[in-house]
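Listed below, chain by chain, are the residues.
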Amino acid sequence: MDFAYSEEQLMLRDSVDRFGEDRWAGADRLARLAEGPEGSRRRWAAMAELGWLMLPIAEAEGGLGGGPVDVMAVMEGFGRHLMTEPYVSNCVLAAGLMHGGGELASDLLARIGAGEVRVAAGLTENDGYAIEQVSVAAIDGPGGVHLSGMKTHVEDGADADWYVVSARTAGAMAERDGISLFLVPRDAAGLTVRRFRAVDGHRHCTLMLDRVPATPLGERDRAADRIDAAVDRAIVAHLAEAVGSMESATAATLDYVRTRQQFGVPIGTFQVIQHKLVDMSVACEEARALAIVATRGMTQPGAGRALIAAAKARISQCGIAVAQQAVQLHGGVGTSEELVVSHHLRRQMMLDLAHGDRDFQRARFILLSAG
Amino acid sequence: MNLDLTPDDLAFREEVRAFFADGIPEDWKTTVRAGLRLPPETLVAYQRRLAARGWGAPTWPVEHGGTGWSPTRLHIFWSEASAADAPAQYHQGLELIGPIIFTYGSKAQKDFYLPRIIHADDWWCQGYSEPGAGSDLAAIRTRADRDGDHYVVNGQKMWTSYAHVADRMFALVRTSAEARRQQGISLILVDMDTLGLRVRPIHTLDEKYHTNEVFLDDVRVPLANLVGEEGQGWGYGKVLLDRERMVAAATAMFLPQTLRAVRDAARRRRMGGGTLLDQSGFRAKLAQVEIEAMALQAMVMRLMADAAAGADSGPRGSMVKLRWSELIQQATALWVEALGPAAQHFGALDDGDAPPDMPLALQGALYSRVTTIYGGSSEIQRNIIARRALGL
Ligand SMILES: Cc1cc2nc3c(=O)[nH]c(=O)nc-3n(C[C@H](O)[C@H](O)[C@H](O)COP(=O)(O)OP(=O)(O)OC[C@H]3O[C@@H](n4cnc5c(N)ncnc54)[C@H](O)[C@@H]3O)c2cc1C
């Protein structure tokens, strides 16, 4: 197995890091967050210009056809600099769901790649993470399909222009068969978007659908596999983000314990502190190794879904533990809004929840790895 | 401590239970369970209700206006308060400076300040930490120089919680430069509206306003506001340490509140046919924290038995603080987990509300990170236990 990036991937990673240093410098973070969606839109346009947005999109759909390892090279930097732009939800998740999904999907994909539209995915319901728990009803009528029901969490959905929504065209709640995907524009009649912000600067939403006209996307009744594959890709992209964030929080902590003096010495001279930093660096190593294996695994035939669930479960644990320790070792200032360490903690907590928390992933691992 | 309650104790318990039965508004509960403070004005009103009932200072001796309760009674009182989702009383006046004043203060100080603490006429803040003096408190640099019948105070305090609502601050300041850093430190009482004193907020990760920097520029404090003797301020901290075991004990007794919140959230969260609380995996995790919380209650009882017997509890106060802070972090994390995707909806951007328990549950989980840092970090508590109990 190859653990190293190619020349091109290294250049990509460095370019994301430079962007992060310029546009998401830790010291300016509060100002960036205060800019809200306006600032985010400007940076999104810049990312489009750099070609990042079209990177994971298939060539046939106007993209560059980049693979999971390319996405990893991008997402590490998102994690290191805690960039809040909705890269994974648009360019990985929505793009995965829409790939080969018909004319409208293909058109939207090209526009995602160009930074012209944003698409978010409404897949889960009922305060759950399982994608087969679908009760939003798709009713065929003379004017086409209409959707009714509720999607409780749409990752990065607050500022999206379009939504990919899963709905039931056959079967009963929790059955894999009978789930279909649809495209709905934000201003569709009967659609209510309730927006929320999360503690990490991301902005999500809930969708309330009341006979909303919708355009079918991909194969009818058989969307579960497509959804699983796209969500797995999104999870894997998030793994890289988590690893970048962990490493960054660890590096900041290492710097801090070398300079912060108490009792007349740098606190990094206390063995207790040294051991904690050692544990943090072990966790970073563990997470990076696992993220690489899971990411490379995606490019192999029969990609290991159990491996992805395992990686998400374990990297969430490592990420949260590392960020908590980073805060702890900074003492009081670790809890301040001004310093970036606690922002890493907030992001790690939210990354854990995105597409299913540790417990959910462990349960999924049990199912997927059952002999 | 005698765990078999006497008929008197049982009657007392009924009395306390009745007091709390109708006194705790529903809208306090989520905040309290999240380990967060209610708004200061609410806490002031609550303290006044307790004071009116004669219960303003549960841990103080009768001669200073306290209840003089035995540890058994205190245990009953806190258990009932906890069960009713009542908040913990704000501790900085009541548990931190009050006892120092009644132990070391002048008669004038006792007469003036103590009743005002009990009746919540004054909100106190603690000005100990500084930018360069956190764990290493003896490194404080804020100076108080004599000028006639005043001290002139210059320096900066940091992390001064609730300085923005406080009427007074008790502060450690340097009154002379001695070879031993612990010497030459004095404890003074500063009115917050004194000229030259400025409060600036420090924003924290949970987005709730708790704490501040306090800048002191030629702040004139009457010499009469010195507590005890000049240069002996460090030693008064010892009383504090002794009291802190009670603060730790009291706080630990409120842990079941958070666990109830976890249970309620898990019961609300739908899962397949049932709820999250029906899932054996989650149930087991909750049980684990509940079991550890019970062990902590047992440690608290033992600590209070020490107090009843007038015995030195050694490092037990540190042990309780250590375990409590770890458990409140675990309990609030479990609460967030129970909320699931709803925990991603911290605040509503449109009309309408955030999901139930939000943002308080998440604020509680984030703020709980502070508990292993303030009041002696976990690393410092372990150092204390290693030194004092284990002789290492
Ligand atoms: C929200 C909040 C509210 C607070 N409220 C108040 C208040 O009202 N009044 C007040 O006076 N103070 C208050 N504090 C300050 C608090 O008591 C200090 O933050 C605490 O003492 C730690 O000091 P520090 O932040 O300077 O961290 P540091 O002392 O710099 O510690 C940094 C890290 O090093 C570790 N460390 C330090 N020394 C050692 C050692 N010898 N061995 C091993 N590890 C060590 C610490 O455990 C920590 O992990 C508050 C703090 C916070 C965050």
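Basis of the calculations
- Residues numbered from 1 in each chain as written.
- Chains lettered and ligands numbered in written order.
- Predicted model: local features only at pLDDT ≥ 70, side-chain atom pairs only at ≥ 80, totals over all residues.
- Heavy atoms only, no water.
- Near = heavy atom within 4 Å.
- Polar contact = N/O pair within 3.5 Å; in protein donor to acceptor, adjacent residues only side chain to side chain.
- Areas by Shrake-Rupley, 256 points an atom, 1.4 Å probe, with all protein chains shown as cover.
- Helix = DSSP H or I, 4+ residues; strand = E, 2+ residues; numbered from the N terminus.
- Nonpolar A, V, L, I, M, F, W, Y, C, P; charged D, E, K, R; others polar.
- Domains from an automatic or database assignment.
- Contact = heavy atoms within 4.5 Å.
- Buried area = accessible area lost by both parts, 1.4 Å probe.
- UniProt positions renumbered as here; feature names shortened; annotations may be inferred.
- Buried < 20%, exposed > 50% of the residue type's maximum accessible area, 1.4 Å probe, protein only.
- Core = buried A, V, L, I, M, F, W, Y, C linked by side-chain atoms within 4.5 Å.
- Salt bridge = Lys/Arg side-chain N within 4 Å of Asp/Glu carboxyl O.
- Pairing = 2+ DSSP bridges.
- Expected span 1.5 Å × (residues − 1).

## What to know about the site of the ligand
Alright, step 1. Taken together, 29 residues form the shell around the ligand, and within it Arg260 of chain A together with Ser135, Trp159, Ser377 and Glu379 of chain B come nearest.
Alright, step 2. Those chains with residues close to the ligand are chains A and B.
Alright, step 3. A distance of 2.7 Å separates a nitrogen atom of the ligand from a polar side-chain atom of Ser161 of chain B.
Alright, step 4. Between the ligand and Ser377 of chain B there is a distance of 2.6 Å, counted from an oxygen atom to a side-chain nitrogen or oxygen.
Alright, step 5. Across the complex, the protein chains shield 95% of the 970 Å² of accessible surface that the ligand would expose by itself.
Alright, step 6. Those elements that provide at least two residues to the shell around the ligand are α8 (305-330) of chain A together with α12 (378-389) of chain B.
Alright, step 7. Tallying contributions element by element places α12 of chain B first for the shell around the ligand, with three residues.
Alright, step 8. Split into classes, the residues belonging to the shell around the ligand amount to 11 nonpolar, 16 polar and two charged.

## With respect to the domain arrangement of chain A
Residues and elements named next belong to chain A.
Alright, step 1. Under the domain assignment used here, chain A contains domain 1 (7-113), domain 2 (119-221) and domain 3 (225-370).
Alright, step 2. Its C-alpha centre places domain 1 at a distance of 21 Å from the equivalent point of domain 3.
Alright, step 3. The interface of domain 1 with domain 3 comprises 24 residues on the first partner and 28 residues on the second.
Alright, step 4. The contact between domain 1 and domain 3 buries some 2100 Å² in all, and 73% of this surface belongs to carbon and sulfur atoms.

## What about the UniProt feature "domain: Acyl-CoA oxidase/dehydrogenase middle" (unreviewed entry) in chain B?
Alright, step 1. The feature "domain: Acyl-CoA oxidase/dehydrogenase middle" (unreviewed entry), as given by UniProt, occupies residues 125-219 of chain B in the numbering adopted here.
Alright, step 2. Annotation note: span residues 125-219 of chain B, helix share 0%, strand share 48%, distance between end C-alpha atoms 17 Å.

## Considering the UniProt feature "domain: Acyl-CoA oxidase/dehydrogenase middle" (unreviewed entry) in chain A
Alright, step 1. As annotated by UniProt and renumbered to match this structure, "domain: Acyl-CoA oxidase/dehydrogenase middle" (unreviewed entry) occupies residues 121-212 of chain A.
Alright, step 2. Secondary structure across residues 121-212 of chain A divides into 0% helix and 55% strand, with the first and last C-alpha atoms of the span separated by 16 Å.

## Let's talk about unusual backbone geometry
Most peptide bonds adopt trans geometry, and most residues besides glycine take a negative phi value.
Alright, step 1. Omega for the peptide link from Met358 of chain B to Pro359 of chain B comes to 5 degrees, which places this bond in the cis form.
Alright, step 2. Assignment of secondary structure puts Pro359 of chain B in the loop between β11 (347-348) and α11 (360-367).
Alright, step 3. Unusually for a residue other than glycine, Arg211 of chain A sits at a positive phi of about 50 degrees.
Alright, step 4. Within the secondary structure, Arg211 of chain A sits in strand β7 (residues 203-217).
Alright, step 5. Exposure remark for Arg211 of chain A: the relative accessible area of 58% places this residue in the exposed category.
Alright, step 6. We note that Tyr162 of chain B has phi near 60 degrees; this positive angle belongs to a residue other than glycine.
Alright, step 7. Residue position: Tyr162 of chain B is located in the loop between β3 (150-158) and β4 (168-174).

## Here we look at the nonpolar core
Alright, step 1. Core analysis: the largest hydrophobic core is formed by 100 residues, its most contacted members being Phe20, Val153, Met169, Ile188 and Leu362 of chain B.
Alright, step 2. Ranked by residue count, the leading element in this core is helix α10 (residues 316-339) of chain B, at 10 residues.
Alright, step 3. Ignoring any residue separated from it by four or fewer positions in sequence, one finds Ile188 of chain B in contact with Tyr151, Val153, Met169, Phe170, Ala171, Val173, Val221, Asn225 and Leu226 of chain B.
Alright, step 4. Residues Met47, Tyr87, Leu183 and Ile308 of chain A belong to the second largest nonpolar core, which totals 83 residues.

## What about the interface of chain A and chain B?
Alright, step 1. Listed by partner, the interface residues are 44 residues for chain A and 43 residues for chain B.
Alright, step 2. Both faces combined, the contact of chain A with chain B buries some 3800 Å², and carbon together with sulfur accounts for 54% of it.
Alright, step 3. In this structure, the connection of chain A to chain B is made through five salt bridges.
Alright, step 4. The shortest N-O distance in the salt bridge between Asp127 of chain A and Arg270 of chain B comes to 3.6 Å.
Alright, step 5. Across the contact surface, chain A and chain B share 23 residue pairs in polar contact (both at pLDDT 80 or more).
Alright, step 6. Elements represented by at least two residues in the side of chain A that touches chain B include exactly β3 (144-154), β6 (191-197), β7, α7 (271-298), α8, α9 (341-353) and α10 (358-369) of chain A.
Alright, step 7. The dominant element in the side of chain A that touches chain B, judged by the number of residues it contributes, is α9 of chain A, at six residues.
Alright, step 8. Class assignment for the residues of the side of chain A that touches chain B results in 15 nonpolar, 15 polar and 14 charged.
Alright, step 9. Of the pairings in the sheet, the one linking β6 of chain A to β11 of chain B comprises two bridges and is antiparallel in character. Counted as the bridge partner of Arg197 of chain A is Gly347 of chain B from β11 of chain B.

## Some thoughts on the pairing of β7 of chain A
Residue and element names in this part refer to chain A.
Alright, step 1. Pairing of β3 with β7 involves seven bridges; the strand directions are antiparallel. Each residue of the ladder has a partner; that of Met150, found in β7, is Met208.
Alright, step 2. For strand β5 (residues 179-185) and β7, the ladder comprises three bridges, and the chain directions are antiparallel. Bridge pairing links Phe182 to Pro216 in β7.
Alright, step 3. Judged from the seven bridges that link them, β6 and β7 form a sheet pairing that is antiparallel. In the strand pairing of β7, Arg195 is matched with Cys205.
Alright, step 4. In textbook terms, the turn of a hairpin is the stretch between consecutive antiparallel strands, and for β6 and β7 this stretch comprises five residues, one of which, Gly201, has a positive phi near 90 degrees.

## Some remarks on helix α6 (residues 223-259) of chain A
Alright, step 1. For α6 of chain A, built from 37 residues, the straight-helix expectation of 54 Å at 1.5 Å per residue is met to within 8% by its first-to-last C-alpha distance of 54 Å.
Alright, step 2. In terms of residue burial, α6 of chain A counts as a mostly covered element, since 27 of its 37 residues are buried.

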